[in-house]
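Working through the structure, step by step
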Amino acid sequence: MNYNRHPATAKWYDRRDSVFIEFCVADSKDVKINFDKAKCVFSCIGGTDNVKHVNEIDLFEAIDENESKQKRTDRSVLCYLRKAQPGKAWPRLTKEKAKLSWLSVDFNNWRDWEDDSEEEMGQFDQFSDMMHNMGGDDDLPDLDGAEEDESADSDDEKMPDLE
């Protein structure tokens, strides 16, 4: 077995009350995560070649280590770090400004929540509720001149049954 230590590739993103870190290790085994007030240590054995991954992160701000959690899937390990000071944005994950080659921002999940006022969040929630509660086709008005036309249309042919 190859027990060389390599940091796992990781992505992170910031939320109002928490920070998420996803360690991208497929088929991880022996996953160990230690949450400390100012540090997160991740280790596992991953992949078919059993590489030992170790990541040690000195965090930008303090976390509530008792409320922090992790979830392992076949493709990655997602860590939820509960901020000790909710509502304070983290411009980076690490205490030091150094660029770590294995760490990147998860732009698919990133949101500039700090610019959102409580009023805007409330309006967004109302908009979401409105969209969710919108009715179906029964509520659509009749469109003038949009009558059903039974003319031959090449893509309206009946599809053969699947066997």
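Rules used throughout
- Residues numbered from 1 in each chain as written.
- Predicted model: local features only at pLDDT ≥ 70, side-chain atom pairs only at ≥ 80, totals over all residues.
- Heavy atoms only, no water.
- pLDDT = per-residue confidence, 0-100.
- Contact = heavy atoms within 4.5 Å.
- Core = buried A, V, L, I, M, F, W, Y, C linked by side-chain atoms within 4.5 Å.
- Buried < 20%, exposed > 50% of the residue type's maximum accessible area, 1.4 Å probe, protein only.
- Helix = DSSP H or I, 4+ residues; strand = E, 2+ residues; numbered from the N terminus.
- Pairing = 2+ DSSP bridges.
- Axes fitted to C-alpha atoms, helices over the stretch in contact; angles between N-to-C directions.
- Salt bridge = Lys/Arg side-chain N within 4 Å of Asp/Glu carboxyl O.

1. Description of the confidence of the model for the protein
Looking at the protein as a whole, the pLDDT averages 81, with 70% of positions reaching at least 70. Segment residues 135-141 is flagged for pLDDT under 50; beyond a separation of four residues in sequence, or across chains, it makes zero contacts in the model.

2. Brief notes about the nonpolar core
Of all hydrophobic cores here, the largest spans 23 residues; its most connected members are Ile21, Leu81 and Leu93. Among the secondary structure elements, those contributing two or more residues to this core are β2 (10-14), β3 (18-23), β4 (29-35), β5 (39-46) and β8 (77-82).

3. Details of the sheet that holds strand β6 (residues 51-58)
Where strands meet in a sheet, backbone hydrogen bonds hold them as pairs that are either parallel or antiparallel. The sheet built from four strands is open, its strands ordered β1-β6-β5-β4 with mixed pairing. Each edge of the open sheet is held by one strand with a lone partner, namely β1 (5-6) and β4. In this structure, β1 lies alongside β6, joined through two bridges in parallel fashion. Counterpart to His6 in the pairing with β6 is His53.

4. A closer look at the sheet that holds β8
Spatial ordering of the open sheet is given by β7-β8-β3-β2-β9, a layout of five strands whose pairing is mixed. Every interior strand has two partners, whereas the edge strands, β7 (69-72) and β9 (103-105), have only one. The mean inter-strand angle of the sheet, taken between neighbouring strand axes irrespective of direction, is 20°. Strand direction decides the pairing type here: β2 and β9, joined by three bridges, are parallel. Bridging from a neighbouring strand, Lys11 pairs with Ser104 of β9.

5. Observations concerning the pairing of β5
Among the eight residues in β5, six count as buried, and that is most of the element. For β4 and β5, the ladder comprises five bridges, and the chain directions are antiparallel. When the sheet's bridge partners are listed, Lys29 is paired in β5 with Ile45. Connecting the antiparallel pair β4 and β5 is a turn made up of three residues. The sheet contact formed by β5 and β6 spans eight bridges and is antiparallel. If you follow Ile45 over to β6, its bridge partner there is Lys52. Counting the residues in the hairpin turn of β5 and β6 gives four residues, including Gly47, whose phi is positive at 75°.

6. Description of the pattern of salt bridges
Under the defined criterion, the tally for this structure stands at seven salt bridges. With its nearest N and O atoms 4.0 Å apart, the salt bridge here joins Lys11 to Glu22. On the criterion of sequence distance, the pair formed by Lys11 in strand β2 and Glu22 in strand β3 is long-range, its members being 11 residues apart. Residue class for Glu22 comes out partly exposed when judged on its relative accessible area of 21%. Linking Arg72 and Asp74 is a salt bridge whose minimum nitrogen-to-oxygen distance equals 3.8 Å. The exposure class of Asp74 is exposed, given its relative accessible area of 53%. Sharing partners across several salt bridges, the network here consists of Lys39, Glu56 and Asp58.

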